[in-house]
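Residues per chain, in single letters:
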Amino acid sequence: QLQLVESGGGLVQPGGSLRLSCAASRSTLDYYAIGWFRQAPGKEREGVACITSSGGRTNYADSVKGRFTISRDNAKNTVYLQMNSLKPDDTAVYYCAASRIGGCVIPKYDNWGQGTQVTVSS
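Keep in mind it's a predicted model, so treat the numbers as computed, not measured.

**Observations regarding the pairing of strand β8 (residues 78-83)**
Among the 6 residues that make up β8, 5 are buried, leaving the element largely enclosed by the rest of the structure. Across 6 bridges, strand β3 (residues 18-25) lies against β8 in antiparallel orientation. Paired with A23 across the strands is T78, a residue of β8. Of the pairings in the sheet, the one linking strand β7 (residues 68-73) to β8 comprises 6 bridges and is antiparallel in character. When the bridges of β8 are listed, R72 appears paired with V79. Count of turn residues in the β7/β8 antiparallel hairpin: 4 residues, of which N77 carries a positive phi of about 55 degrees.

Printed below as a string of structure tokens:
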């Protein structure tokens with residue numbers, strides 16, 4: 001069964017940057033679409049970004065367009081989320097998830113990591 005582990009979270013000042021990693025084990029990510037999600041206290045889980053299995057298409061929430069970039073390196077079995085120009089509203093636990101449906105239009109995320117905390121504060 002595919003396992004995902006997020007890393008790279010931490011405390012950063014507004015305007016700063018972080019790069020999150022989603023590392024897979026037990027199986028390859030080659031045929032999965034991968035999504036990044038976040039959940040802040042008292043708020044619903046929000047989809048942040050998605051990348052297709054081929055890496056040929058990416059989707060972003062309007063709130064992060066132009067600031068976040070999702071990418072993948074299938075040879076390393078890892079997906080990344082580069083986060084720039086961070087805002088306090090970006091504070092949340094960030095999760096990655098894998099969809100056996102390889103596109104981002106109708107993904108079904110069946111495998112989830114445990115999350116990594118991102119805190120944006122001065």
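**Looking at the pairing of strand β1 (residues 3-7)**
The alternating pattern of β1 places L4 and E6 on a buried face and Q3, V5 and S7 on a face that is not buried. In the sheet, β1 pairs with β3 via 5 bridges, with the strands oriented antiparallel. Counted as the bridge partner of L4 is A24 from β3.

**Here's the deal with the sheet that holds β8**
The antiparallel open sheet is built from 4 strands, whose spatial order is β1-β3-β8-β7. Each of the sheet's edge strands pairs with one partner strand only, and the pair in question is β1 and β7. Direction aside, neighbouring strands of the sheet carry axes that sit 15 degrees apart on average.

The rules behind each value
Residues numbered from 1 in each chain as written. Predicted model: local features only at pLDDT ≥ 70, side-chain atom pairs only at ≥ 80, totals over all residues. Heavy atoms only, no water. Buried < 20%, exposed > 50% of the residue type's maximum accessible area, 1.4 Å probe, protein only. Helix = DSSP H or I, 4+ residues; strand = E, 2+ residues; numbered from the N terminus. Pairing = 2+ DSSP bridges. Axes fitted to C-alpha atoms, helices over the stretch in contact; angles between N-to-C directions.

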